Amino acid sequence: MSSIFQQLINGISLGSIYALIALGYTMVYGIIKLINFAHGDIYMIGAFLGYYFINTLHLSLIPALLLSMVISALLGVVTEFLAYRPLRNSTRIAVLITAIGVSFLLENLMIYFFGSNVRAFPQAIEKKVYTLGSVQISNIQLVIIFITLFLMICLQFIVQKTKMGKAMRAVSVDTDAARLMGINVDLTISFTFAIGSALAAAGGVLIGLYYNSINPLMGVVPGLKAFIAAVLGGIGLIPGAVLGGFAIGILETIVSALGFSVFKDAFVYAILIIILLIKPSGLLGKNVKEKV
Amino acid sequence: MKIFNRNNFCWLGLIAFSFILLSVLINIGVIDTFYEMTLVSIGINIILGVGLNLILGVSGQFSLGHAGFMAIGAYSMGISYLKYPTMAGFALGIVIGLILSGIVALLVGIPTLRLKGDYLAIATLGVAEIIRVLIINMKITNGAAGLSGVPLFDAIPMWQLVFIFVVITTVIILNYVKSSDGRATLSIREDEIAAESMGINTTKYKVLAFVIGAMTASIAGALYASYYGTIVPTNFNFMKSVDILIIVVFGGIGSFTGTFLAAVVLGILNTVLQDIGDLRMVVYSLALIIIMIFKPSGLLGTKEFTFSALFHKKNRLSKKKGDPADGSIKH
């Protein structure tokens, strides 16, 4: 029984990272119907920025986290402006290939300038392990869970209560109608990329803290898993991304704990294929009839 | 249409000419062992590119799992040829790879090809990753360490074998594209809903293109295994799928001439730019983005080089010269 709780805590810590990345995927998909393959690499850049701020500039965790979120947000806006905006009216496949190109570009630029070796992420806060009965929880896990929850509440506030959030929701429902109502669609899309990238960067810094190691290709697999999380919850839906992220994190931890850790990636891909076949709109999604 | 017509003779001549040219170049030493390696890898990439182009360019479905099917072919060859290092073992390796990849593509294709565009890309990517994880965890494939010491096919030089397979796969795929089934597949790319309302079984043709593409990928994988002798699961990861995608996109999505050109040019570039390894990928990914922004259909679009078009042009030109008033003749 206690080991179930233990795995649940580990799963929730990992799942909060997936949820943070999945939020960016789901918002971008909701607004321009693009699977932003480069999103996982923004998360990697966020981790590297955190590494730089903590290791070289000796900032403490929170300023480093905020700075890397801001810079990653700018990077997200710039990639949208340079790579995706010129393709606004192209085919979906063209935009998707561009996204793969951006992803490869970011990875290979990082490899070219900083090498492909694994780096040790500095310990920004000293690790303490609290024991509750037989369940162990480290202060890093607590920090991850609290920061994630805080960011989600902020996001919920922005999306539901601010004017910009209203514009985001409007654009994702109907871009053309939103434009007719005087909403600046391009600005709204840029803003969505900024928020998504900032959340991914936060995830990157937190995972650096959790696993203590970062490398230029670290974004590929978590990026894909976060995308799967977004699909699982219902792509385009913010609560869906959170639910999917936690679900994937917990399932993955349970599969590892049962002794199938080598199959955990295959398991997550299998979930994707099953959900796409059974309910492509995701757990929280509603079935929308396709109009001809 | 007769099979022995002028166009087919011209193609046969071109194939024979390139074969003789390559043999001469190798015999007089212009292409040494090192460049022969480039030649073989170009050939393998052509097979992969042509197969992916059938899926992406002709049926319009976005598959990111090509490397997975290549892995099936490579491992079938590796296991069979290691066990029976004879001609029969080699043939067995190719046949097993073809059957296995065909079955897997069929099983995966029927449900997933109902999905649209980008979901399909992710699903096929997932399938390729599942194949890779299974290979890592199976005993017969020797796990993450992979297989080594797969014998080299030595009845004829490897480049000739690859050449033959390039010709076979390309002829089969081009014939498919030109057949009525192929035209049905093309109509799906143009407009799936319209194709469906014309009574075309879209799922059937999508699956057909997907299966043919997967089987050619397994041939490429089998040749790869025999030529390099060592195969490890990481050879067939997501990066490999993207490498193939780059070839198809550079050449033009839907243009087989383009795939050939892109495979040759990129193959030569890879050899020349070998020293700047990491920067090369930076350049490729930048080029991928720039091509998509300025020419989303790839460098050659859907243009093809054909002899019939060449003759057609010549005829028209000579007619124009003979009688300028008849320039607007309708064909």
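See the structure printed just above.
Rules of the game
Residues numbered from 1 in each chain as written. Chains lettered and ligands numbered in written order. Predicted model: local features only at pLDDT ≥ 70, side-chain atom pairs only at ≥ 80, totals over all residues. Heavy atoms only, no water. Salt bridge = Lys/Arg side-chain N within 4 Å of Asp/Glu carboxyl O. Helix = DSSP H or I, 4+ residues; strand = E, 2+ residues; numbered from the N terminus. Buried < 20%, exposed > 50% of the residue type's maximum accessible area, 1.4 Å probe, protein only. Contact = heavy atoms within 4.5 Å. Buried area = accessible area lost by both parts, 1.4 Å probe. Polar contact = N/O pair within 3.5 Å; in protein donor to acceptor, adjacent residues only side chain to side chain. Core = buried A, V, L, I, M, F, W, Y, C linked by side-chain atoms within 4.5 Å. Phe/Tyr/Trp six-rings, centres within 6.5 Å; stacked < 30°, edge-to-face > 60°. 1 Å grid on protein atoms, 1.4 Å probe; cavity = no way out; pocket = protein on both sides within 12 Å on 5 of 7 lines; lining within 4 Å. Points joined across faces, edges and corners; volume = space filled by probe spheres on them. Nonpolar A, V, L, I, M, F, W, Y, C, P; charged D, E, K, R; others polar.

## Considering the pattern of salt bridges
Here is step 1 of the chain: In total, this model carries nine salt bridges over all chains according to the counting rule given.
Here is step 2 of the chain: With a closest N to O distance of 3.1 Å, R85(A) and E80(A) form a salt bridge.
Here is step 3 of the chain: We note a salt bridge from E192(B) to K206(B), for which the minimum N-O separation is 2.9 Å. Of this pair, E192(B) sits in helix α8 (residues 192-197) while K206(B) sits in helix α9 (residues 202-228), and the two are 14 residues apart along the sequence. Pair check on accessibility: E192(B) and K206(B) agree, each one buried.
Here is step 4 of the chain: Among the charged side chains, a network of salt bridges with common partners joins E80(A), R85(A), R88(A) and D186(A).

## Digging into the interface of chain B and chain A
Here is step 1 of the chain: Residue-level contacts link 40 residues of chain B with 43 residues of chain A.
Here is step 2 of the chain: Of all residues in chain B, the largest losses of buried area upon contact with chain A belong to D118(B), Y119(B) and I122(B), amounting jointly to 18% of the total for that side.
Here is step 3 of the chain: Counting the contacts that link chain B with chain A gives zero residue pairs in polar contact (both at pLDDT 80 or more).
Here is step 4 of the chain: Within the residue set of the side of chain B that touches chain A, elements represented by two or more residues are α4 (87-112), α5 (117-137), α10 (238-251) and α12 (277-294) of chain B.
Here is step 5 of the chain: The biggest single contributor to the side of chain B that touches chain A is α5(B), with 13 residues.

## Topic: the nonpolar core
Here is step 1 of the chain: Of all hydrophobic cores here, the largest spans 197 residues; its most connected members are F37(A), F62(B) and L223(B).
Here is step 2 of the chain: Not counting the four nearest positions on each side in its chain, L223(B) is found in contact with I44(B), I47(B), F90(B), M158(B), L161(B), V162(B) and F165(B).

## Comments concerning the packing of aromatic side chains
Residue and element names in this part refer to chain B.
Here is step 1 of the chain: Inspection of the entire model under this criterion finds 17 aromatic pairs over all chains.
Here is step 2 of the chain: Ring geometry for Y81 and F90: centres 5.3 Å apart, planes at 70 degrees, overall edge-to-face. Just as Y81 is buried, F90 falls in that class too.

## Brief notes about empty space enclosed by the protein
Here is step 1 of the chain: Taken as a whole and judged by the stated rule, the model has three cavities of 30 Å³ or more.
Here is step 2 of the chain: Within this model, the largest cavity holds a volume of roughly 80 Å³.
Here is step 3 of the chain: In terms of lining residues, the largest cavity is bounded by Y25(A), F37(A), G40(A), D41(A), S103(A), E107(A), G219(A), V220(A), G223(A), L224(A) and F238(B).
Here is step 4 of the chain: Looking at the lining of the largest cavity, the elements with two or more residues in it are α2 (39-55), α4 (92-114) and α9 (220-233) of chain A.
Here is step 5 of the chain: In the lining of the largest cavity, the residues fall into five nonpolar, four polar and two charged.

## Description of the environment of I45(A)
Residues and elements named next belong to chain A.
Here is step 1 of the chain: With respect to the element layout, I45 can be found in helix α2.
Here is step 2 of the chain: For I45, a relative accessible area of 12% puts it in the buried group.
Here is step 3 of the chain: Remark: the alpha-carbon pair of I45 and V221, spanning 176 residues in sequence, is separated by 14 Å.
Here is step 4 of the chain: The contacts of I45, once residues within four sequence positions are left out, are L75, L106 and M110.

## Concerning the environment of A123(B)
Here is step 1 of the chain: For A123(B), the location among the structural elements is in helix α5.
Here is step 2 of the chain: Assessed through its relative accessible area of 0%, A123(B) is described here as buried.
Here is step 3 of the chain: Along the primary structure A123(B) and K295(B) are separated by 172 residues, whereas in three dimensions their C-alpha atoms are 27 Å apart.
Here is step 4 of the chain: In this view, A123(B) contacts L272(A), I273(A), L276(A), T112(B) and L115(B); residues no more than four positions away in its chain are not counted.

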